[in-house]
Amino acid sequence: MMSARFSHLARAASMSGGGASIAALIVAVAAALPLVLSTYQVGLATEVLIFGILAMSIDILGGFAGRTSLGHGAIFGVSTYVVIYASVQVGLPPAAAFALGVLAATLIAAIFALLAVRTSGVYFLLLTIALGMIVWGICLRWTQVTGGENGIRGDVRPMVLLAHSRFYWAVLAAAAAVTYAMWRFVRSPFGLTLRGIRDSESRMRSLGYNVPLHLFIGFTASGFFAGVAGALYAMFNNFVSPSTVGLAQSVEGVLMMVAGGVGTLFGSFVGAAAIIALENVVSTYTERWQMVLGLTFILIMIFAPEGIIGKLRAISAPKA
Amino acid sequence: MDRRRFLKNTSAALASLGAASAPWRSAIAQAGPIKIGVLAPLTGVVASGGKEMVEGVQFYLGQVNNEMAGRKVEFSIEDDASNPDTALQKARRLVEQGNCHMLIGNLLANTGLAVANYVKGTGTPYFIPIIAADDLTQRQRIKNVIRIAGYSASAFTHPLGDWALKQGYRKIATVSQDYTFGHEQCGGLAQVFTEGGGEIVQQFWHPLNTADFSPYLGQLADLKVDAIFAMETGADATRFIQQYAGFGLKAKTPLLAAMNGTDQSVIRTLGDDCEGVVSPAHFAEGSDNPVTQKFVGEYETKYGKIPSLYGFSMYSGMMWIDAALKKMDGKAEDREALIDTVLKTELDGSPLGKSVKLDAYGNPIYDVYIRKVVKRADGKFWNVPTTSYAGVSQFWKYDPETYMKQPPYSRTFQGIKKA
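Quick caveat, the model's predicted, so the values are computed rather than measured. (Residues numbered from 1 in each chain as written. Chains lettered and ligands numbered in written order. Predicted model: local features only at pLDDT ≥ 70, side-chain atom pairs only at ≥ 80, totals over all residues.)

Asker: Explanation requested: the overall build of chain B in the structure shown.
Answerer: If you tally the helices and strands in chain B, you get 14 helices and 14 strands. Against the globule reference of 22 Å for 419 residues, chain B gives a C-alpha radius of gyration of 21 Å, in line with a compact fold. If one aligns the C-alpha atoms of chain B with their principal axes, the spans along those axes are about 75 × 50 × 40 Å. Counting every position in chain B, which comprises 419 residues, the buried fraction comes to 53%. Within chain B, counting contacts between residues at least 6 apart in sequence, those at least 24 apart form 71% of the total. (Helix = DSSP H or I, 4+ residues; strand = E, 2+ residues; numbered from the N terminus. Rg over C-alpha atoms; globule rule 2.2 N^0.38 Å. Buried ≥ 20, exposed ≤ 12 C-beta atoms within 10 Å, placed from the backbone. Contact = placed C-beta atoms within 7 Å.)

Take a look at the structure:
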């Protein structure tokens, strides 16, 4: 019985040949982008990758554990703050600052998790909003360290990655690695447990699973990935201010996940690309671009509540 | 709407220029227009100020028929949404995609600091007529970031501190929004005032967007001070001035304000409550200088309101760029030369009616007025100069090197001299 279960899991966890070649193709196409895009567009593509990672980290909880977090912007931003503070004020080398940022985000996520895992649904949502607001408040008021409203600036990006395209490739490599890690994570026995909790918490509990512990680990891991995104963002922007840890940041991450498709993981990149492209294209035509963005979300929610990738899957799936 | 119409008109004008000017165009060394990227908050908390910034730019370009040094000017406006991350992204777009020769604008210090950090890497000339953060022209100066037609936050409160001493004030309390702009303005006043023998009795810091000032006003009323200095912007300024009068403090204690507290953008909507408030500034719309009056009159005719700091500063900033470009035959592509020329340009024609030059740190040296809010014949309020301090440097009377060795003004460092 045990061995049967494991072989099933092993099959689920290993990438099929077709899947692997599709993934390789996508990465190859993405890697070729800087050859055809302008430097500004390469910058946007970099941003898509970074926010894609953030949205995926939210998807781990939202799509696979059934708990949508509105506090991930804060976790993401803590990493950004720590990376910039560590390299500008303390003078650590970029790699050490990066590691420290991810560590800080993971710790913050662990604290969030301790407080939030026993809740679900709207309570989980509210609790994560509140925790995020606390982080935002600290960043705003602790002027000596965070620079308050003005934020902190400095050249964080390592010299070798100064060129737009090189930095893009570095982020792409990181994104590919992190995406693979998350994909394995949600397909591991642990990830299946999370899905079990999503579908029926009481059944998982009666089967003897330690539900809070699983959620705690899931939340912390998700925070780790958000931290990676935040650290990359620090190197991309060379600047951080309270708006990076604000509620709007968390909401944007969730919207990207939802637009791409909840529980699809890779949909997050599609959602991030759609939203960032929309923001940039529409804002050239009208200063009311936020309104257009809002309308687009309403349309997505009406016609494709399962998200862009979810909808495509539903269309391409063979009719039963 | 305005912007779209503008873009349409500009492109039409450009197209016709391209067709009509083809024969002699080759005679000019550069091809194409001068591209200026304008960043202004058109949405978000300071959107109303942002709209006036754009008006200032359009007003100037309208007067010169969109032409500087014989070349057409094409300007693109981007909305920074009062958010530093958006500002940064829009700056990237203007520089990397729009190929702008220079950037001008931004209102909130955090947006300006974010863009300044970005242009430090690209070398694009960036002009900041509104951003007042002291350190951008002091301790953390970036050569291509120049505060043409702008001012550093503490530059005007230094002379205000001196003026307060001369009025015989010995005890002052301050109340201010709790962010860098407030810390710096209060610090300038506190340092000069305490070094001259005055005493800062207490300082109140409140969060931005405070709706109810009664907790502060109650305490202020009990302090028995000679004057109260308030550093408020936008809606906070409106509410503070109203509630100050409402509490009956107006009749008892003179109110000194930072220049932004009695700017037109604030007192335009106020009644008698704002009358008599004193503030220091380089620009006073009620000055009897004929050049100032001409500017104010024309602006009022065009936009139906007395120009605010935002309109005035952007207008003067554009004029400064124009003056510099004229000196270098419009070669906006040569960034190094543009920066050097702007730094050396002395601006004569600005609405101030006096010539203005920059110090060695890229910050203008102004004659600073001590202004008082007065009711005009038609019932509108404006700032009228009462005294003036000639040639005020951002370092006041201190030696720049020594001054910059002291920490920047913050909530914890206000330059207060220990008795």
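Asker: Help me understand the domain arrangement of chain B, please; the structure alone is not making it clear to me.
Answerer: A common way to report how large an interface is uses the accessible area buried once the components associate. Residues and elements named next belong to chain B. What the domain assignment lists for chain B is domain 1 (2-153 + 308-350) and domain 2 (156-287 + 367-405). A separation of 30 Å is found between the C-alpha centroids of domain 1 and domain 2. Across the contact, 18 residues belong to domain 1 and 15 residues belong to domain 2. Of all the elements in the fold, those that place two or more residues in the side of domain 1 that touches domain 2 are α3 (47-63) and α12 (309-327). Across the side of domain 1 that touches domain 2, the residue classes tally to nine nonpolar, six polar and three charged. (Domains from an automatic or database assignment. Nonpolar A, V, L, I, M, F, W, Y, C, P; charged D, E, K, R; others polar.)

Asker: How should the nonpolar core be read in this particular structure?
Answerer: Nonpolar side chains in soluble globular proteins generally cluster together in the buried interior. Among the nonpolar cores identified, the biggest contains 211 residues, and I50(A), I53(A), V78(A), F225(A), A229(A), V115(B) and I228(B) are the most heavily contacted of them. Counting residues per element, this core draws most heavily on helix α11 (residues 211-237) of chain A, which supplies 15 residues. Two domains each provide a minimum of three residues to this core, namely domain 1 (2-153 + 308-350) and domain 2 (156-287 + 367-405) of chain B. If we ignore the near neighbours within four places in the chain, the residues touching I53(A) are A175(A), V178(A), F225(A), V228(A) and A229(A). (Core = buried A, V, L, I, M, F, W, Y, C linked by C-beta atoms within 7 Å.)

Asker: How should I be thinking about helix α5 (residues 109-122) of chain B in this particular structure?
Answerer: Residues three or four positions apart in an α-helix share a direction because the helix packs 3.6 residues into each turn. Residues and elements named next belong to chain B. Helix length check: α5 (14 residues) gives 20 Å between terminal C-alpha atoms against 20 Å at 1.5 Å per residue, within 8%. When you tally the buried positions in α5, you get 10 out of 14 residues, the bulk of the element. If you check which residues of α5 are buried, you get A109, N110, T111, G112, L113, A114, V115, A116, N117 and Y118. Remark: G123 follows α5 within two positions and exhibits a positive phi of approximately 80°. (Expected span 1.5 Å × (residues − 1).)

Asker: Quick question: what am I supposed to make of the sheet that holds strand β6 (residues 145-146) of chain B here?
Answerer: Either a parallel or an antiparallel arrangement is found when strands of a sheet pair, and the pairing is made through backbone hydrogen bonds. All names here are of chain B. Read across the open sheet, the six strands follow the order β2-β3-β1-β4-β5-β6; overall the sheet is mixed. Each having just a single partner strand, β2 (67-68) and β6 make up the two edges of the open sheet. For strand β1 (residues 34-40) and strand β4 (residues 102-105), the ladder comprises four bridges, and the chain directions are parallel. Residue pairing in the sheet places L39 in a bridge with G105 of β4. (Pairing = 2+ DSSP bridges.)

Asker: Help me understand the environment of S287(B), please; the structure alone is not making it clear to me.
Answerer: Residues and elements named next belong to chain B. Along the chain, the position of S287 falls in the loop between β11 (278-281) and α11 (290-303). Judged by C-beta crowding, with 21 C-beta atoms within 10 Å, S287 ranks as buried. On a C-alpha basis, the gap between S287 and E333 in space is 38 Å, while along the polypeptide they are 46 residues apart. Apart from residues no more than four positions distant in its own chain, S287 is found in contact with T292 and P385.

Asker: It is not clear to me how the interface of chain A and chain B should be interpreted in this structure. Could you clarify?
Answerer: Facing 19 residues of chain A, the contacting portion of chain B comprises 21 residues. Counting only elements with at least two residues in the side of chain A that touches chain B, the list comes to α3 (39-62) and α12 (242-245) of chain A. Its residues assigned to classes, the side of chain A that touches chain B comprises two nonpolar, 14 polar and three charged.

Asker: Looking at this structure, I do not really get the pairing of strand β3 (residues 71-79) of chain B. What am I missing?
Answerer: Two faces belong to every sheet, and in a regular strand the side chains alternate between them. All names here are of chain B. Pairing geometry for β1 and β3, over seven bridges, is parallel. Directly across from A40, in β3, lies its bridge partner D79. Pairing of β2 with β3, which is carried by two bridges, proceeds in the antiparallel orientation. Its bridge partner lying in β3, E67 is registered against K72. Linking β2 back to β3 in an antiparallel pair, the connection comprises two residues, with A69 at a positive phi of about 50°.

Asker: Please clarify how unusual backbone geometry should be interpreted in this entry.
Answerer: Trans is the common state for peptide bonds, and a negative phi is the common state for residues other than glycine. Residue and element names in this part refer to chain B. Phi at N106 takes a positive value of approximately 70°, unusual for a residue other than glycine. Its location among the elements puts N106 in the loop between β4 and α5. Given 31 C-beta atoms within a 10 Å radius, N106 is considered buried. Of note, the phi angle at A149 is positive, near 60°, even though the residue is not glycine. Tracing the backbone shows A149 in the loop between β6 and α6 (157-166).

Asker: Hey, could you run me through the pairing of strand β13 (residues 364-375) of chain B in this one?
Answerer: Residue and element names in this part refer to chain B. Bridge analysis of β11 against β13 gives four bridges, and the strand direction is antiparallel. Counterpart to P280 in the pairing with β13 is I370. In the sheet, strand β12 (residues 357-358) pairs with β13 via two bridges, with the strands oriented antiparallel. Bridging from a neighbouring strand, K357 pairs with I365 of β13. What sits between the antiparallel neighbours β12 and β13 is a turn of five residues, in which G362 has the positive phi angle 80°. Between β13 and strand β14 (residues 381-392), which pair antiparallel and follow one another directly, the connecting turn spans five residues, one of which, G379, has a positive phi of 95°.

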